[in-house]
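Listed here are the chains, written in short residue letters.
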Amino acid sequence: MTDNRHFALLPRLIATTLGCGYWPWGPGTAGAIFGMLVWMPLALIPSTATVVLITVGLIVVFTALGIWSAGVAERYWGPDPSRVVIDETVGQWITMLPMASLAGSSLACGRLWTAAALSLILFRFFDIVKPLGVRRMEQLPRGTGIMADDILAGVYGAIILQLIITFAF
C-alpha cells in the first residue's frame, strides 16, 4: 500500500461516491442509497425510453470510472476496500432499471417509492449474500472485480424487481 497523502482527490471522490464510503455504519448501503436518491428525479421524465437511456449512460460511464478509481484505491487501501462504494451506486442503478416503466406518471408516485425501497432491499440482499456467481466475480483483477460482483447483484435485483412490477403493480 502507498501513502494516503498522495491519493489524488478525483479517483478518491469517484471511488467513495463523493464520500459516501466514509459513512461509518454501512458504507455500501450509503453508496446504494446515494444512487437511489440521485436516480429518483429521473422518474419525473415522461419518457420510459429516455429514462432507460440516461440510466444506462450513467451505468456505463460510472462503471468505467469505477473500475479505474477502485483500482487506484486498492493501491492505497488494499484489496476491495470497504470505502470504495461506487460499485454499490452502479449496482443500485442497475437494479432500478425496471422502474423506468413507472416514470412520468403522477399515478405511479406511491408505487415508485415502494419500488425504490424494494430495489434497495433486493440489491443489498444480492450484494451481501452473493449467490449464483456473484462471489466469483470478486476474483476478477483489481477494479474490475470490485465492480463486477455488484453489477451482477444489480442484474439479479433488476430481474426480481421487474417480476414484482409486472405481476404485483
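Residues numbered from 1 in each chain as written. Predicted model: local features only at pLDDT ≥ 70, side-chain atom pairs only at ≥ 80, totals over all residues. Heavy atoms only, no water.

Q: Whenever I open this one, a nonpolar patch on the surface confuses me. Can you help?
A: Residues Val 155, Ile 159, Ile 160, Leu 163 and Phe 167 make up a contiguous nonpolar surface patch of roughly 470 Å² in combined accessible area. As for its placement among the helices and strands, Ile 160 is situated in helix 7 (residues 142-168). (Patch = residues over 30% accessible without salt bridge, like charges linked within 9 Å, V, L, I, M, F, W, Y side chains within 5 Å. Areas by Shrake-Rupley, 256 points an atom, 1.4 Å probe, with all protein chains shown as cover. Salt bridge = Lys/Arg side-chain N within 4 Å of Asp/Glu carboxyl O. Helix = DSSP H or I, 4+ residues; strand = E, 2+ residues; numbered from the N terminus.)

Q: What should I look at first to understand the nonpolar core in this one?
A: Note on soluble globular proteins: their nonpolar side chains tend to be buried together. Within the largest apolar cluster, 41 residues are counted, with the highest numbers of intra-cluster contacts made by Trp 39, Met 40, Val 84, Val 90, Met 96, Met 99 and Leu 112. Elements that contribute at least two residues to this core include exactly helix 1 (9-15), helix 2 (27-39), helix 3 (48-77), helix 4 (86-96), helix 5 (109-129) and helix 7. Apart from residues lying up to four places away in sequence, Val 90 is in contact with Ile 59, Phe 62, Thr 63, Met 147 and Ile 151. (Core = buried A, V, L, I, M, F, W, Y, C linked by side-chain atoms within 4.5 Å. Buried < 20%, exposed > 50% of the residue type's maximum accessible area, 1.4 Å probe, protein only. Contact = heavy atoms within 4.5 Å.)

Q: Just to check I follow, could you spell out the packing of aromatic side chains for this structure?
A: Between two aromatic rings, the relevant description is the distance of the centres plus the angle of the planes. If you walk through the whole model with that rule in mind, you get seven aromatic pairs. When the ring of Phe 7 is compared with that of Trp 77, the centres are 4.9 Å apart and the planes differ by 70°; the resulting orientation is edge-to-face. Taken together, the residues span a long stretch of sequence, with Phe 7 in the segment before helix 1 and Trp 77 in helix 3 at a distance of 70 residues. Each ring, one from Phe 62 and one from Trp 93, has its centre 5.6 Å from the other, and the planes form 70°; the classification is edge-to-face. Pair noted here: Phe 62 is in helix 3 and Trp 93 is in helix 4, with a separation of 31 residues, a long-range link. Classification of Trp 93 by relative accessible area gives buried; the value is 4%. (Phe/Tyr/Trp six-rings, centres within 6.5 Å; stacked < 30°, edge-to-face > 60°.)

Q: Would you take a moment to explain helix 5 for this structure?
A: Every α-helical turn comprises 3.6 residues, leaving residues that sit three or four positions apart pointing alike. The end-to-end C-alpha distance of helix 5, which contains 21 residues, comes to 30 Å, matching closely the 30 Å that a straight helix rising 1.5 Å per residue would cover. Those residues of helix 5 that are buried lie in contact with helix 2, helix 4, helix 6 (134-137) and helix 7. Backbone geometry just after helix 5 places Lys 130 at a positive phi near 55°. (Expected span 1.5 Å × (residues − 1).)

Q: Would you take a moment to explain the pattern of salt bridges for this structure?
A: If charged atoms from side chains of opposite charge come close, those side chains can pair. Evaluated as defined, the whole model comprises six salt bridges. In this structure, Asp 149 and Lys 130 form a salt bridge, with 2.8 Å as the shortest nitrogen-oxygen distance. In this pair, Asp 149 is assigned in helix 7 and Lys 130 in the loop between helix 5 and helix 6, connecting sequence segments 19 residues apart. For the salt bridge of Glu 138 with Arg 135, the shortest nitrogen-to-oxygen distance reads 3.8 Å. Taking relative accessible area as the criterion, Arg 135 reaches 45% and is therefore assigned partly exposed. Residues participating in the shared-partner salt-bridge network are Glu 88, Arg 124, Asp 127, Lys 130, Arg 135, Glu 138 and Asp 149.

Q: How should the side chain of Thr 95 be read in this particular structure?
A: Residue position: Thr 95 is located in helix 4. For Thr 95, a relative accessible area of 0% puts it in the buried group. Polar side-chain contacts of Thr 95 include one of 3.3 Å to the backbone oxygen of Gly 154. The contact partners of Thr 95, leaving out residues within four places of it in the chain, are Ser 119, Phe 123, Ala 153, Gly 154, Gly 157, Ala 158 and Leu 161. (Polar contact = N/O pair within 3.5 Å; in protein donor to acceptor, adjacent residues only side chain to side chain.)

Q: Looking at this structure, I do not really get the packing of helix 2 against helix 5. What am I missing?
A: Orientation of helix 2 relative to helix 5, taken along the N-to-C sense of each, is 150°, at an axis distance of 11 Å. In terms of axis orientation, helix 2 runs roughly antiparallel to helix 5. The interaxial crossing formed by helix 2 with helix 5 has right-handed handedness. Contact residues: helix 2 offers Gly 28, Thr 29, Ala 32, Ile 33, Met 36 and Trp 39, while helix 5 offers Leu 112, Ala 116, Leu 120, Phe 123 and Arg 124. Residues belonging to the contact of helix 2 with helix 5 are distributed by class as follows: eight nonpolar, two polar and one charged. (Axes fitted to C-alpha atoms, helices over the stretch in contact; angles between N-to-C directions. Parallel < 35°, antiparallel > 145°, perpendicular 65-115°, else oblique. Left-handed = near helix turned anticlockwise from the far one by under 90°. Nonpolar A, V, L, I, M, F, W, Y, C, P; charged D, E, K, R; others polar.)

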